Amino acid sequence: MNELTKMRGKYVIAGIGHTDYGKLPGRSTISLNTEACKSALIDAQIEKSLVDALFVKVPTSAKEFMYGQKLAEAMGMRPKLGGSWDQGGAANMALISNAMSAIETGQCEVALVCYADNPRSGSRQVYARPRGDDAVYGWFSTAAGYGLIHRRHMIEFGTKPEDFAQFAMASRRHGALNPKAQLKVPLSLEQYMNAPMQIEPLRRDDCCLVSDGGAALVIMSEKRARALGVPNPVPILGLGQGQTSAELHVRESLTSTEAVVSAKTAFQMSGFQPKDIDVIQIYDCFTVAGMMTLEDYGFCPKGQFGVWSKGGYLEIDGALPMNTSGGLLSETGMPGLQLIIEGVRQMRGVANLQVSKARNCLISNQGGTMHTHATMILGRCND
Amino acid sequence: MIEFPQPDITDTSRPFWDALNQGDLLFQECEHHHRWLPFRDFCPTCLSDKLTVVKACGRAKLISWVIYNTSMHDAFKNELPYNVSLVQLEEGPKMMTNILIPNEELRAEMPLQLRVVERGDLKLAKFVPDFN
């Protein structure tokens, strides 16, 4: 047993909480974060006073100086450690990893990991921002970067619009069945093909939602959870990270990322291989991001997504159900915590679309334009 | 008056923009012959600070592109639909640019030739198809 594998199952997600998703006008991110943290503490059935670390993923649409400390003040906390972390959507799992490391080294015992943002009712300017000096060429927005990758995937592998549609249709089918999803409308191939293209080759339904909302997790050791009588702890069996970092024009390849490295670490820690995984929650900010994650993880042969996933392979009644609450395309555009929360629900056996007999759940998070990546594998509650 | 987005011209990047004003596209190379764009103070491969600038021959190929049908900045409103493209110079470095042909004629890997064009106070490195 090495340093990595001995962490398997040693830490748990003890509580989960989130606000409503969608449009929440008038709510500050501090308010949304506080609501999410409060509900995660209630879910874990622990007192606020037990929390001694507060790890906050910085709000995407409005970065603020000392944000983590502002949130701690709002919640009347004096944590031993904490602050806000900027790494895009992979930050959620980075913070879980930081919490595990801090507990392991005796720096704290119970950590809250949280995120909130309000770009839907507030400003979404961040998503249309100029991309450095290349703005002189009209190079603006987050979406355009994914468009460049999407096109390159089509060039290298002959990926068709129908293949990207197939990915979106799986997430959207599950979201349509989720009463709490922001977008409860299933997607047909015809609708996908006929939707407007603001930045080609992206179609409307390749792009995630823009959402207000907050979410939070309580992290502690399995031993601590047992001692505290936490009712539904879900063990973290694997966790890994990888960062491509390079901007698109200095990236060696546009069609593979350090998701490969991230998954390798998570699989190694858990002892699983892709074939052992029962249910997956894949970060689908754009369809190509989700598709490449499945390829880089070793689920789907590179460039074969259309054939590999046909016949509802990723749908709730298929072999590998994906994004069972709708993902970023349908449940909420929140950058990633909702996927972890749905993974926890699956492992507790209480998901809206429960995958029967699921014994593990793999979750991906990623950030920037596929700059950062993280992978987590959860095991069943009280197994 | 709509303001065109301005690059952040620093001591590090000024040689790049000055050369473009003379019609030349430069990239950087270190003592170990690693090459890159955009300009910086250290080689991103070996961290060397013994750097030289090299004039690109102007030939490149098209890696990928997007087409904006909607404008995110007023300065580009009259150019819709316009492409933003990723190209690789024959010498290796890659850069974002515009290809000055109708969008429907863009093809993966198509050979390109540098065309320095004026845009307000700036000169920008854009590309046209290379038929040679």
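These numbers were taken from a predicted model, which means no experiment stands behind them.

Participant: Any chance you could break down the overall build of chain A for me, citing the residues and the numbers?
Facilitator: When you go through chain A residue by residue, the secondary structure sums to 12 helices and 10 strands. What you see for chain A is a C-alpha radius of gyration of 19 Å, in line with the 21 Å of a compact globule of 383 residues. Its C-alpha atoms give chain A principal-axis dimensions of about 55 × 45 × 40 Å. Expressed as a percentage of its 383 residues, the buried residues of chain A come to 60%.

Participant: If you had to explain the nonpolar core to someone new, which residues and values would you point to?
Facilitator: Soluble, globular proteins show a tendency: their nonpolar side chains are buried together. Residue and element names in this part refer to chain A. Ala-99, Ala-111, Leu-112, Val-113, Val-218 and Ile-219 are the most contacted members of the largest nonpolar core, which has 145 residues in total. In terms of residues, this core owes the most to one element, helix H3 (residues 91-104), which gives nine residues. When residues of this core are assigned to domains, at least three map to each of domain 1 (5-123 + 211-233) and domain 2 (141-207 + 235-379). Contact partners of Leu-112, with chain neighbours within four places excluded, come to Cys-37, Ala-40, Val-51, Leu-54, Phe-55, Ala-216 and Val-218.

Participant: Tell me about the pairing of strand S1 (residues 26-30) of chain B, and please be specific about residues and values.
Facilitator: Residue and element names in this part refer to chain B. Pairing analysis gives five bridges linking S1 to strand S3 (residues 51-55), with the strands arranged antiparallel. Each residue of the ladder has a partner; that of Phe-27, found in S3, is Val-54. Two elements, S1 and strand S2 (residues 35-36), share two bridges in a ladder whose sense is antiparallel. In the strand pairing of S2, Gln-28 is matched with Trp-36. Between S1 and S2, which pair antiparallel in sequence order, lie four residues; one of them, His-33, sits at a positive phi of approximately 70 degrees.

Participant: Account for the interface of chain B and chain A, naming residues and giving values.
Facilitator: Contacts between the two partners involve 29 residues from chain B and, on the opposite side, 25 residues from chain A. Counting residues per element, the side of chain B that touches chain A draws most heavily on strand S4 (residues 59-68) of chain B, which supplies six residues. Here the residues of the side of chain B that touches chain A sort into 19 nonpolar, six polar and four charged. Inspection of the sheet shows strand S5 (residues 199-200) of chain A paired to S4 of chain B by two bridges, in the antiparallel sense. For Glu-200 of chain A, the partnering residue across the bridge sits in S4 of chain B and is Ile-67 of chain B.

Participant: Now, about the domain arrangement of chain A: what can you tell me, with residues and values included?
Facilitator: Residue and element names in this part refer to chain A. What the domain assignment lists for chain A is domain 1 (5-123 + 211-233) and domain 2 (141-207 + 235-379). On a C-alpha basis, the centres of domain 1 and domain 2 stand 23 Å from each other. Taken together, the contact between domain 1 and domain 2 spans 30 residues of the former and 35 residues of the latter. Broken down by element, the side of domain 1 that touches domain 2 gets its largest block of residues, six residues, from H3.

Participant: Break down the environment of Leu-37 of chain B for me, with residues and values.
Facilitator: All names here are of chain B. Residue placement: Leu-37 occurs in the loop between S2 and S3. Counting along the chain gives 15 residues from Leu-37 to Thr-52, while the straight-line C-alpha distance between them is 12 Å. Discounting chain neighbours no more than four positions away, the residues touching Leu-37 are Phe-27, Pro-93, Lys-94 and Met-95.

Participant: Any chance you could break down the sheet that holds strand S7 (residues 234-243) of chain A for me, citing the residues and the numbers?
Facilitator: All names here are of chain A. Spatially, S3-S2-S4-S6-S1-S7-S10-S9-S8 is the arrangement adopted by the nine strands of the open sheet, whose pairing is mixed. If you trace the sheet from one side to the other, it starts and ends with strand S3 (81-85) and strand S8 (279-281), each paired once. Shown here is a sheet whose adjacent strand axes are inclined to one another by a mean of 25 degrees, direction ignored. Pairing of strand S2 (residues 53-57) with strand S4 (residues 111-117) involves five bridges; the strand directions are parallel. The partner of Ala-53 across the bridge, within S4, is Ala-111. In this fold helix H1 (residues 29-44) packs onto strand S1 (11-18), S4 and strand S6 (213-221), with an angle of close to 130 degrees to the strand it touches most, S1. Its contacts with the sheet put helix H8 (residues 259-270) on S7, strand S9 (360-367) and strand S10 (372-379), and the angle it makes with S7 is roughly 150 degrees.

Participant: Pulling in residues and values, what's your account of the sheet that holds S3 of chain B?
Facilitator: Note on sheets: strands pair through backbone hydrogen bonds, and any given pair is parallel or antiparallel. The three strands lie next to each other as S2-S1-S3 (chain B), forming an open sheet whose pairing is antiparallel. The sheet is open, and its two borders are formed by S2 and S3 of chain B, each paired with just one other strand.

Participant: Describe the environment of Gln-243 of chain A, with residues and values.
Facilitator: Residues and elements named next belong to chain A. Here Gln-243 shows up in strand S7. Along the backbone, Gln-243 and Val-261 are 18 residues apart, and their C-alpha atoms lie at a distance of 8.6 Å. Residue contacts for Gln-243: discarding those within four places in its chain leaves Glu-258, His-371, Thr-372 and His-373.

Participant: So what's going on with H8 of chain A? Residues and values would help.
Facilitator: All names here are of chain A. The terminal C-alpha atoms of H8, which comprises 12 residues, lie 16 Å apart, in line with the 16 Å expected from a rise of 1.5 Å per residue. Those residues of H8 not exposed but buried are Ala-259, Ser-262, Ala-263, Ala-266, Phe-267, Met-269 and Ser-270. All buried residues of H8 lie within an arc of 160 degrees about the axis, which places them on one face of the element. The secondary structure elements touched by the buried residues of H8 are S7, helix H9 (287-296), S9 and S10. Phi turns positive, to about 80 degrees, at Gly-271, one or two residues after H8.

Conventions and cut-offs
- Residues numbered from 1 in each chain as written.
- Chains lettered and ligands numbered in written order.
- Predicted model: local features only at pLDDT ≥ 70, side-chain atom pairs only at ≥ 80, totals over all residues.
- Helix = DSSP H or I, 4+ residues; strand = E, 2+ residues; numbered from the N terminus.
- Rg over C-alpha atoms; globule rule 2.2 N^0.38 Å.
- Buried ≥ 20, exposed ≤ 12 C-beta atoms within 10 Å, placed from the backbone.
- Core = buried A, V, L, I, M, F, W, Y, C linked by C-beta atoms within 7 Å.
- Domains from an automatic or database assignment.
- Contact = placed C-beta atoms within 7 Å.
- Pairing = 2+ DSSP bridges.
- Nonpolar A, V, L, I, M, F, W, Y, C, P; charged D, E, K, R; others polar.
- Axes fitted to C-alpha atoms, helices over the stretch in contact; angles between N-to-C directions.
- Expected span 1.5 Å × (residues − 1).
- Arc of directions from axis to C-beta.

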